[in-house]
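Remarks on the overall topology
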Amino acid sequence: MAQVHVTTREGEVRTLEAEGGSPLMEVLRDASTGVEGTCGGMCSCGTCHVYVVDEWVARLPERSEDEAMMLEALEDFVELRPGSRLACQIVLDDDTSGITVEIAPAA
Ligand code: FES
């Protein structure tokens, strides 16, 4: 099992548990945290934008080119931070268990 700590747009702090290997987007979406995941994880909708807390930013793999381009496309509508990531591109496993994120505002 893997854990994620999440702060919703309403400020609610929750800890969720998921099977190892689950995409973070699916865990957040299925727990009704405000993440929609409209494209199903294809890196093309931006509705899974989260802010990863500072201490976790360097512990994640770099953004892929597709992820970076999707985030850039959001920039006119929503604040981007160094910890901005698409949750569909993060897998919850032993390396990422305990990650802490905040759901970004809807674009
Ligand atoms: S689910 Fe669409 S970009 Fe992540």
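Look above for the structure.
This section reports on the structure supplied with the text. (Residues numbered from 1 in each chain as written. Predicted model: local features only at pLDDT ≥ 70, side-chain atom pairs only at ≥ 80, totals over all residues. Heavy atoms only, no water.)

Quick notes on the pairing of strand β2 (residues 13-18)
The condition is simple: Strand pairing is assigned whenever DSSP identifies at least 2 bridges connecting the two strands. Helix numbering and strand numbering both begin at the N terminus, where a helix is a DSSP run of H or I of at least 4 residues and a strand a DSSP run of E of at least 2.
Where strand β1 (residues 2-7) meets β2, six bridges bridge the pair, whose relative direction is antiparallel. Pairing of V6 across the sheet is with R14, part of β2. What sits between β1 and β2 in their antiparallel hairpin is a turn of five residues, with G11 showing a positive phi close to 90°.

Thoughts on the sheet that holds β2
To keep it simple, the criterion reads: What counts as an axis is a line fitted to C-alpha atoms, over the stretch in contact for a helix, and the angles between N-to-C directions run from 0 to 180 degrees. A contact between two residues is defined here by any heavy atoms of the two lying within 4.5 Å.
A sheet is described by the order of its strands in space; here five strands give the open sequence β2-β1-β7-β4-β5, paired in mixed fashion. With one partner strand each, in any of the chains shown, β2 and β5 (84-86) form the two edges of the open sheet. In this sheet, neighbouring strand axes are inclined to one another by 40° on average, regardless of whether the strands run parallel or antiparallel. In this fold helix α3 (residues 65-74) packs onto β4 (49-52) and β5, with an angle of close to 120° to the strand it touches most, β5.

A look at the side chain of T33
Worth spelling out the cut-off: Pairing of N or O atoms within 3.5 Å defines a polar contact, subject to two protein rules: one partner must be a possible hydrogen donor and the other a possible acceptor, and residues neighboring in sequence count only if both atoms are side-chain atoms.
When you line up the elements, T33 lands in the loop between α1 (24-30) and β4. Side-chain polar atoms of T33 contact the backbone oxygen of L28, separated by 2.8 Å. Discounting residues that sit within four places of it in the chain, T33 has contacts with V6, T8, R14, L16, L28 and I103.

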